[in-house]
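One-letter residues, chain by chain:
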Amino acid sequence: MQDTTIYGAMSALITPFYQGKVDYASFESLIKRQIKYGMDACVPVGTTGESATLNHKEHMECIELAVSTCKGSGVKVLAGAGSNATSEAIELAVFAQKCGADAILCVSPYYNKPSQEGLFAHYRAVAHSVEIPLVLYNVPSRTGVSIEVSTAIRLFKEMKNIIAIKEASGSMERVIEFTTDAPELCVFSGDDTINYPILANGGKGVISVTGNLLPQEIADLTHLALQGEMTKSRNINNQLYTINKALFCESNPIPIKAAMYLSGLLKSLEYRLPLVPPTKENFAYLEQVLKKYRIQS
């Protein structure tokens with residue numbers, strides 16, 4: 001069996017900005033909040049972290065800060081290290097390993113729409129460049145290409161450090177196919193509305209957007225499911241349904257950053273173009289939904 005060092009409750013961290021620059025002090029505080037409320041790992045500079053508009057220096061500094069903040073806490077770092085260029089993905093992966101990340105999350109190459117053989121060659125090259133675990137990241141709605149189940153399983157069988165896939169396709173059929181045909185390949189939920197169904201069908205963790213806002217609830221939901229307390233886990237998932245839906249009323253991370261700002265967790269509501277704040281209607285919608293939840297500082 002391949003060693004799985006990353007699993008459980010994880011948050012896909014937002015990247016806070018202040019006056020156009022990365023707000024590293026706020027980023028550190030947000031990571032400490034994740035640690036405080038029982039998350040197993042944090043995931044910096046992924047989709048939710050606006051990695052597509054960070055320069056490489058900012059991207060690397062966010063990984064470094066996540067590693068230093070989590071050091072000694074028991075909370076691990078699954079660092080975003082993906083790109084549409086294989087050479088750039090390798091550069092980020094090697095850096096993440098060098099600075100002490102526990103594993104890397106590697107999104108499928110976007111824009112250039114590689115074939116399945118191209119995806120296989122891309123991931124093989126990135127996996128060969130490092131020794132730490134690699135988690136595949138399938139999000140076809142954003143990349144324009146899906147990692148087919150057969151391709152992911154082939155990668156898992158051939159690359160010893162490929163241990164898991166973040167499944168953000170919304171397809172439960174894919175999850176069941178993975179857990180049936182390759183039960184040792186860990187499946188992580190990348191869609192908060194179906195966190196519980198994925199865990200109930202053999203998933204080993206979640207990489208959550210909602211966890212930025214409600215880390216304790218996401219941690220409890222995940223841990224209960226992994227402990228076999230399925231009814232309790234399902235109840236939490238049901239309680240979170242409204243906020244989970246609201247946080248995707250516009251493209252991620254627009255709503256989650258707005259919700260965190262409304263909740264006092266961000267001092268400034270800033271994005272990098274081409275992302276802009278939500279519409280007035282969606283901002284009001286988020287305000288109403290947030291009244292149903294207790295956001296802890």
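Fair warning: this is a prediction, and the values are worked out from it, not measured in the lab. The residue numbering used here restarts from 1 in each chain and proceeds along that chain's sequence as written. With the structure being a predicted model, the display of local features is reserved for residues of pLDDT at least 70 and the display and counting of side-chain atom pairs for 80 or more, all residues being used for whole-chain, interface and lining totals. Based on all heavy atoms of the structure, the side-chain values leave hydrogens and waters out of the count.

This paragraph deals with the overall build of the protein. If you tally the helices and strands in the protein, you get 13 helices and 10 strands. Relative to the globule expectation of 19 Å for 297 residues, the C-alpha radius of gyration of the protein, 18 Å, shows essentially globular dimensions. Taken along its principal axes, the extent of the C-alpha atoms in the protein is 50 × 45 × 40 Å. Two residues qualify as a contact provided that any one of their heavy atoms is within 4.5 Å of a heavy atom in the partner residue. If you take every contact in the protein between residues at least 6 apart in sequence, the share linking residues at least 24 apart comes to 71%. When charges are counted, Lys and Arg contribute as positive and Asp and Glu as negative, whereas His and the chain ends are disregarded. A charge is said to be at NZ when it belongs to Lys, at CZ for Arg, at CG for Asp and at CD for Glu. The distance from the centre of the 27 positive side-chain charges to the centre of the 29 negative ones in the protein is 4 Å. Only DSSP runs of H or I reaching four residues or more are called helices, and only runs of E reaching two or more are called strands; each is numbered from the N terminus. Each radius of gyration is computed over the set of C-alpha atoms, and the globule rule expresses the reference value as 2.2 Å times the number of residues to the power 0.38.

Turning our attention to the pairing of strand β1 (residues 8–12). Burial within β1 is extensive, with 5 of its 5 residues counted as buried. Where β1 lies against strand β10 (residues 205–208), 4 bridges are found, and the strand directions are parallel. Among the inter-strand pairings, G8 is bridged to a residue of β10, identified as G205. Any two strands between which DSSP finds at least two bridges are classified as paired. Two elements, β1 and strand β4 (residues 41–43), share 3 bridges in a ladder whose sense is parallel. Throughout, exposure labels follow a simple rule: accessible area from a 1.4 Å probe, protein chains only, divided by the maximum for the residue type, with under 20% read as buried, over 50% as exposed, and the rest as partly exposed.

On to helix α2 (residues 56–70), then. Residues three or four positions apart in an α-helix share a direction because the helix packs 3.6 residues into each turn. Its 15 residues place the ends of α2 21 Å apart at the C-alpha level, agreeing with the 21 Å of an ideal helix rising 1.5 Å per residue. Those residues of α2 lying buried are E58, H59, M60, C62, I63, L65, A66, V67, T69 and C70. Its buried side turned inward, α2 meets β3 (21–22), α1 (24–36), β4, β5 (76–80) and α3 (86–99). Here the expected length of a helix is defined as 1.5 Å per residue gap, with one fewer gap than residues.

Here the focus is helix α13 (residues 280–290). Within α13, the full set of buried residues consists of N282, L286, V289 and L290. The buried residues of α13 occupy an angular sector of 95° when the element is viewed end-on, so they sit on one face. Exposed residues lying more than 90 degrees from the buried face of α13 are K280 and E281. Buried-residue contacts for α13 involve α11 (241–246) and α12 (254–262). The directions from the helix axis to the C-beta atoms are what the arc is built from.

The next thing to look at is the packing of helix α9 (residues 215–226) against helix α10 (residues 230–239). In this analysis, axes come from line fits to C-alpha atoms, helices being fitted only over the stretch in contact, and the angle between any two N-to-C directions falls in the range 0 to 180 degrees. Interaxial distance between α9 and α10 falls to 8 Å at its minimum, and their mutual angle equals 150°. Relative to α10, α9 is oriented roughly antiparallel. In this structure, the crossing between α9 and α10 has a hand that is left-handed. When α9 is examined against α10, the residues E217, D220, L221, L224 and A225 are found in contact with a partner set consisting of M230, K232, S233, I236 and N237. A per-class count over the contact of α9 with α10 returns 5 nonpolar, 2 polar and 3 charged. For this classification, under 35 degrees means roughly parallel, over 145 means roughly antiparallel, 65 to 115 means roughly perpendicular, and everything else is oblique. Handedness of a crossing follows from how the near helix is turned relative to the far one, being left-handed for an anticlockwise turn of less than a right angle and right-handed for a clockwise one. Asp, Glu, Lys and Arg are counted as charged, while Ala, Val, Leu, Ile, Met, Phe, Trp, Tyr, Cys and Pro are counted as nonpolar; the rest, among them Gly, fall into the polar class.

The next subject is unusual backbone geometry. Looking along the chain, the bond that leaves N252 and enters P253 is cis, with omega of 10°. Here P253 is to be found in the loop between α11 and α12. Cis rather than trans, the peptide bond between L273 and P274 has omega equal to 15°. Along the chain, P274 falls in the loop between α12 and α13. One non-glycine residue, E50, lies in positive phi territory at about 55°.

With that settled, consider the packing of helix α4 (residues 116–129) against helix α6 (residues 149–158). Running from amino to carboxyl end, α4 crosses α6 at an angle of 30°, the nearest separation of the two axes being 10 Å. It follows from the interaxial angle that α4 and α6 lie roughly parallel. You can see that α4 and α6 cross each other, and the crossing is right-handed. Residues Q116, E117, F120, Y123 and R124 of α4 form the contact with α6, whose own contacting residues are T151, R154, L155 and E158. Here the contact of α4 with α6 is built from residues that sort into 3 nonpolar, 2 polar and 4 charged.

Counting residues in hydrophobic clusters, the biggest one holds 54 residues, and the most contacted among them are I63, V77, I104, L134, L136 and F178. Among the elements that line this core, the one with the most residues is α2, at 7 residues. Contact partners of I104, with chain neighbours within four places excluded, come to L78, A79, A81, A93, A96, V126, V130, I132, P133, L134 and V135. By nonpolar core we mean a set of buried residues, namely Ala, Val, Leu, Ile, Met, Phe, Trp, Tyr and Cys, connected to one another through side-chain atoms within 4.5 Å. Counting 31 residues, the second-largest nonpolar core is a separate cluster that includes L213, I243, A258 and Y271.

Let us now look at the sheet that holds strand β6 (residues 103–107). Pairing is parallel in the closed barrel, where 8 strands are placed in the order β1-β4-β5-β6-β7-β8-β9-β10. Pairwise comparison of adjacent strand axes, ignoring direction, gives a mean angle of 25° for this sheet. Pairing between strand β9 (residues 186–189) and β10: 2 bridges, direction parallel. Bridge pairing links F188 to G205 in β10.

Limitation: the analysis is restricted to geometry and does not speak to function.
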